[in-house]
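# Structural description and commentary
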Amino acid sequence: MIHTAGEVAEHLSAKILGDGHAPISGVANPESANAEDLIYADSPRQVERAAASAARCVLAIRGADLSGKTVLEVENPKLAFAKAAAWLLPRPPLRPEIHPTAIVAATARLAPNIRVGPYVVIEDEVEIGTGTAVDAFCFVGRDARLGENCWLHPRVTLYAGARLADRVEVHSGAVIGGDGFGYVFGDERHIKFPQIGSVEIGNDVEIGCNTTIDRGSLDATQIGTGVKIDNLVQVAHNVRIGRNTVVAAQVGISGSCTVGSQVLIGGQVGIAPHCTLEDDAIIGAQAGIPSNKTIRRGQTVWGTPARPFARFKEQYGWLSRLPELAERVRKLEEEKAVE
Amino acid sequence: MIHTAGEVAEHLSAKILGDGHAPISGVANPESANAEDLIYADSPRQVERAAASAARCVLAIRGADLSGKTVLEVENPKLAFAKAAAWLLPRPPLRPEIHPTAIVAATARLAPNIRVGPYVVIEDEVEIGTGTAVDAFCFVGRDARLGENCWLHPRVTLYAGARLADRVEVHSGAVIGGDGFGYVFGDERHIKFPQIGSVEIGNDVEIGCNTTIDRGSLDATQIGTGVKIDNLVQVAHNVRIGRNTVVAAQVGISGSCTVGSQVLIGGQVGIAPHCTLEDDAIIGAQAGIPSNKTIRRGQTVWGTPARPFARFKEQYGWLSRLPELAERVRKLEEEKAVE
Amino acid sequence: MIHTAGEVAEHLSAKILGDGHAPISGVANPESANAEDLIYADSPRQVERAAASAARCVLAIRGADLSGKTVLEVENPKLAFAKAAAWLLPRPPLRPEIHPTAIVAATARLAPNIRVGPYVVIEDEVEIGTGTAVDAFCFVGRDARLGENCWLHPRVTLYAGARLADRVEVHSGAVIGGDGFGYVFGDERHIKFPQIGSVEIGNDVEIGCNTTIDRGSLDATQIGTGVKIDNLVQVAHNVRIGRNTVVAAQVGISGSCTVGSQVLIGGQVGIAPHCTLEDDAIIGAQAGIPSNKTIRRGQTVWGTPARPFARFKEQYGWLSRLPELAERVRKLEEEKAVE
């Protein structure tokens with residue numbers, strides 16, 4: 001469907017300079033855009049790229065030098081671009097269907113307006129809310145609950161009892177509600193600590209491909225509203241994550257950690273058991289946080305073991321100059337010997 | 001099913017103080033327990049939590065101050081709790097069934113008392129022992145063997161020829177027997193080194209969600225009895241792991257490593273090719289072990305490259321104080337200049 | 001099928017010493033070989049192992065002391081072994097079949113000579129070239145394209161629009177074309193940046209088990225010809241990887257990185273967004289490359305943050321001797337105090 005620059009401006013409450021009738025049919029990067037693609041520019045470098053682009057319409061801050069283009073003036077062009085894209089290219093409307101090959105237990109309670117794809121298995125007592133899509137090869141275990149407008153991409157596993165609130169999107173290969181990893185050693189073998197808790201995923205959560213989120217051992221693993229989790233992440237038993245926290249790929253969060261709201265966790269970070277990350281903390285990529293540690297509100301940490309970024313930078317700066325420092329010590333000793 | 005405190009005490013050979021007729025129907029944490037849940041206390045802090053709990057029955061060491069509760073005295077309350085949980089909440093008995101949608105090759109040899117779930121594919125010459133459950137969407141490749149009382153959760157892949165002994169539990173998304181990663185560069189391209197060995201998993205092994213265990217290149221990858229492997233772990237070709245070793249999430253064990261018995265490998269550890277980890281070694285989370293390295297029996301190592309824990313602590317302590325040490329050197333130089 | 005030493009020598013253009021009629025039916029390691037297995041020896045230690053082996057035929061360099069064996073003289077025994085194995089044990093010929101349980105959209109265009117396994121789902125407008133095998137439980141999303149002689153092992157997901165060229169092999173559990181991980185924060189929530197680009201995989205690429213390769217956000221994620229990717233690797237949106245690059249297990253490559261040709265990336269390496277790795281770079285296992293960094297052509301780097309190997313070695317050598325260096329400084333101070 002084709003919109004006009006004027007319609008997009010209205011949707012974004014943007015001021016428009018130029019041709020409000022210019023058609024907009026998609027979004028793109030400046031270099032690959034055609035005339036009808038919307039692009040954005042939020043830096044001088046981006047403004048240059050936009051100026052050279054075939055695109056006729058640009059989202060930019062006030063005063064950007066883009067003569068010849070239709071400019072939609074906004075405060076945050078990248079944010080406006082994301083919103084415009086969501087509006088221009090909405091998810092296709094769900095076509096309700098229970099595919100004939102889906103195996104749905106008689107005791108499952110499915111809202112009328114859902115899509116269940118081919119070769120889906122839905123076990124007893126499952127509940128699925130309206131507008132939700134469950135794609136091919138998904139397994140929804142006994143007593144699991146999905147709220148409204150969720151989307152399980154193909155090949156997702158929900159173990160028994162997993163709970164997803166509304167608008168949760170789970171990508172292919174993710175596993176939610178697997179057993180936590182806990183044993184007690186006795187009688188010459190590892191005896192499994194009970195892993196019978198639940199897992200509760202809040203509204204508007206997105207979970208990446210092949211990510212694993214374990215059930216709680218006795219209580220619940222909890223993922224808060226608006227949390228975004230990338231691919232191949234491990235979230236262990238009893239972890240609680242607050243609102244809008246972002247977890248990059250391949251992060252591992254060990255058992256019983258508490259992560260606050262709006263925390264940013266970089267790629268491949270490892271968090272040992274029983275840590276607390278307070279709100280707005282920022283954990284640099286590959287950092288390692290030792291057991292029982294607390295990262296304070298708003299603190300940025302790096303390295304293994306993780307320390308405040310300024311300290312990390314200073315210490316690693318000196319590590320780089322260690323050979324030189326050692327040489328200076330050698331010289332002092334030499335002079336001493338000469339005295 | 002509801003048991004009594006007396007029955008649980010008898011099962012655990014525990015001494016009981018208080019009401020042997022108190023009903024016990026489940027297990028819980030002190031805070032979420034109701035009166036009929038069994039809880040445990042193995043530290044002063046836990047005894048406090050237990051004292052404040054609604055639970056009537058507590059597993060504790062002798063002498064714990066828990067008046068008003070029914071106390072089951074044991075030496076190791078957490079171990080006893082795990083055993084009690086396994087007894088109170090046993091895995092539901094397997095209901096034998098070959099689901100009509102399962103595709104089972106005519107040459108497969110299935111013991112009578114097994115469960116094969118919906119949309120399972122079992123190829124030629126597969127053998128499955130009695131009491132084993134193969135859940136939805138599992139793929140069991142040609143000539144694979146599963147022993148007795150195994151449990152493949154939904155969506156597990158066994159490549160051709162994989163061998164699982166008895167009581168092996170494999171969680172959703174795990175892949176066992178994929179090709180090892182080995183190439184020889186020649187004629188301007190990577191030519192695959194043969195990856196035709198097998199993979200052999202011992203008794204009582206548990207393998208986490210989305211974990212990958214490759215087949216051997218020419219010989220076998222071997223996982224010993226009682227080994228426990230968490231989620232998203234990579235075990236490469238020709239690795240051999242001894243009895244009761246524990247491997248935390250996201251660990252990577254490279255080709256041809258030999259890992260002993262009762263080794264503990266922390267989360268996100270990386271082990272380069274051809275390493276040897278002797279029995280009872282402990283590898284701290286995120287440690288990196290360089291190629292061909294041996295970690296001695298019982299040694300605890302940390303860091304990358306991994307070194308004995310005491311050395312790691314001392315060196316990283318000095319790394320933290322490097323800015324201060326550099327300042328002391330500067331002062332010595334200054335005084336020298338003044339002389 | 002059984003070949004003779006002479007036939008193998010001819011296939012490899014190797015000079016043969018000994019019995020050209022010796023039968024060869026397989027390949028093995030020296031210790032597990034039987035008389036008819038071909039083995040190789042490319043070091044004095046390997047020659048010893050070969051001499052003691054039951055195998056009659058050995059691939060070795062000229063002059064190896066292997067009297068009593070039939071020796072096939074080659075320059076690179078390991079390479080010749082890989083080639084011989086591929087020739088002796090070819091992939092079984094594909095038996096064309098569309099399994100009756102496969103669900104294939106009417107608009108999909110399938111070449112005649114392909115195999116589509118049980119419980120495969122192929123959506124609208126998909127194209128599949130001749131000689132390609134799509135095993136059980138694979139999901140091939142709308143408009144995806146597979147070239148000739150590809151092999152999707154069981155349980156692979158291709159999101160809509162993914163493009164695979166010829167002879168691409170994808171192992172079980174891999175997910176290609178999932179949404180990139182990009183959001184813009186506004187109105188108190190994370191708004192998804194459009195993830196509508198494609199993913200393009202070149203010829204002769206192999207992708208490991210449970211690896212995830214995201215689609216581009218606006219343009220394409222591109223994997224070059226001959227690239228080999230191990231298990232549990234994360235390749236983010238807009239990444240471009242050149243020809244013949246090798247990526248070991250559990251590596252994470254963040255958004256918009258450019259990786260050259262013949263790069264070697266060790267296990268668990270993390271590469272932050274917008275990095276450039278030039279051709280022939282070597283990245284040591286577990287290294288971390290900070291955002292926007294360039295690794296120069298042919299450079300070998302280690303550590304986090306990654307630095308040239310020689311510097312890494314020197315700095316970490318001094319880190320090991322830091323306690324001793326600190327002691328030397330203390331002594332200098334003491335002597336100063338005495339003066």
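Quantities reported herein were computed from a predicted structural model and do not represent experimental measurements.

Moving on, we get to the relation of the copies chain C and chain A. With an RMSD of 0.0 Å, the operation that places chain C on chain A is a rotation of 120° combined with a shift of 0.0 Å along the axis. On this basis, the relationship between the two copies can be described by a three-fold rotation axis.

To continue, consider helix H2 (residues 44–51) of chain A. Residue and element names in this part refer to chain A. Of the residues making up H2, those classed as buried are Gln 46, Val 47 and Ala 50. Each buried residue of H2 sits inside an arc of 105° when the element is viewed along its axis, so together they form one side. Turned more than 90 degrees away from the buried face of H2, the exposed residues are Pro 44, Arg 45 and Glu 48. Each element contacted by the buried residues of H2 is listed here: strand E5 (37–41) and strand E6 (57–60).

A separate point is the sheet that holds strand E6 (residues 57–60) of chain B. All names here are of chain B. In spatial order, the strands read E2-E7-E6-E5-E4; together these 5 strands make up an open sheet with mixed pairing. The open sheet terminates on both sides in strands that have one partner only, identified here as strand E2 (15–17) and strand E4 (26–27). The pairing of strand E5 (residues 37–41) with E6 spans 4 bridges and is parallel. The residue of E6 that forms the bridge with Ala 41 is Ala 60.

The next subject is helix H1 (residues 5–12) of chain C. Residues and elements named next belong to chain C. Here H1 has its buried residues at Ala 5, Val 8, Ala 9 and Leu 12. Seen end-on, H1 carries its buried residues on one side only, within an arc spanning 100°. Looking one or two residues past H1, Ser 13 carries a phi angle of roughly 55°, positive in sign.

What follows concerns the sheet that holds strand E33 (residues 258–259) of chain B. All names here are of chain B. Read from one edge to the other, the open sheet built from 10 strands follows the order E10-E13-E16-E19-E24-E27-E30-E33-E36-E39, with strand pairing classed as parallel. Looking along the sheet, the strands with just one partner apiece sit at the ends: strand E10 (109–110) and strand E39 (294–295). Two strands pair when backbone bridges link them, and strand E36 (residues 276–277) and E39 are joined in this way by 2 bridges, in the parallel orientation. If you follow Leu 277 over to E39, its bridge partner there is Ile 295.

Time to look at the domain arrangement of chain A. Interface size is commonly expressed as the accessible area that is lost once the parts come together. As assigned here, chain A comprises domain 1 (3–88), domain 2 (97–311) and domain 3 (314–339). Here the C-alpha centre of domain 2 of chain A lies 37 Å away from the C-alpha centre of domain 1 of chain A.

Attention shifts here to the packing of helix H4 (residues 309–320) of chain A against helix H4 (residues 309–320) of chain C. It is at 9 Å that the axes of H4(A) and H4(C) come closest, and there the two elements cross at 105°. Judged by the angle between their axes, H4(A) and H4(C) are roughly perpendicular. Between H4(A), through Tyr316(A), Leu319(A) and Ser320(A), and H4(C), the contact on the second element is made entirely by Gln315(C), Tyr316(C) and Leu319(C). Per-class residue counts for the contact of H4(A) with H4(C) are 4 nonpolar, 2 polar and no charged.

Put simply, Thr304(A) and Pro305(A) share a cis peptide bond, and its omega is -10°. On the secondary structure map, Pro305(A) appears in the loop between strand E40 (300–302) and strand E41 (307–308). Positive phi outside glycine occurs at Phe137(A), with the angle close to 65°. One can find Phe137(A) in the loop between strand E14 (133–134) and strand E15 (139–140). Judged by relative accessible area, Phe137(A) falls into the buried class, the value being 1%. A positive phi is found at Glu188(B), a non-glycine position, where the angle reads about 65°.

Time to look at the interface of chain B and chain A. Contacts between the two partners involve 56 residues from chain B, matched on the other side by 65 residues from chain A. Both faces considered, chain B and chain A share a buried interface measuring about 4600 Å² in area, 63% of it formed by carbon and sulfur atoms. Of all residues in chain B, Tyr119(B), Phe137(B) and Arg155(B) give up the largest surface area on contact with chain A, accounting jointly for 13% of the area buried on that side. Across the pair Lys192(A) and Glu206(B) runs a salt bridge, and its minimum N-O distance is 2.6 Å. Where chain B meets chain A, there are 30 residue pairs in polar contact (both at pLDDT 80 or more). Those elements giving two or more residues to the side of chain B that touches chain A turn out to be helix H3 (77–88), strand E28 (228–229), strand E31 (246–247), helix H4 (309–320) and helix H5 (322–338) of chain B. Ranked by residues supplied to the side of chain B that touches chain A, first place goes to H5(B) with 9 residues. Here the residues of the side of chain B that touches chain A sort into 29 nonpolar, 16 polar and 11 charged.

Definitions and limits used
- Residues numbered from 1 in each chain as written.
- Chains lettered and ligands numbered in written order.
- Predicted model: local features only at pLDDT ≥ 70, side-chain atom pairs only at ≥ 80, totals over all residues.
- Heavy atoms only, no water.
- Least-squares fit on C-alpha atoms with pLDDT ≥ 70 in both.
- Buried < 20%, exposed > 50% of the residue type's maximum accessible area, 1.4 Å probe, protein only.
- Helix = DSSP H or I, 4+ residues; strand = E, 2+ residues; numbered from the N terminus.
- Arc of directions from axis to C-beta.
- Contact = heavy atoms within 4.5 Å.
- Pairing = 2+ DSSP bridges.
- Domains from an automatic or database assignment.
- Axes fitted to C-alpha atoms, helices over the stretch in contact; angles between N-to-C directions.
- Parallel < 35°, antiparallel > 145°, perpendicular 65-115°, else oblique.
- Nonpolar A, V, L, I, M, F, W, Y, C, P; charged D, E, K, R; others polar.
- Buried area = accessible area lost by both parts, 1.4 Å probe.
- Salt bridge = Lys/Arg side-chain N within 4 Å of Asp/Glu carboxyl O.
- Polar contact = N/O pair within 3.5 Å; in protein donor to acceptor, adjacent residues only side chain to side chain.

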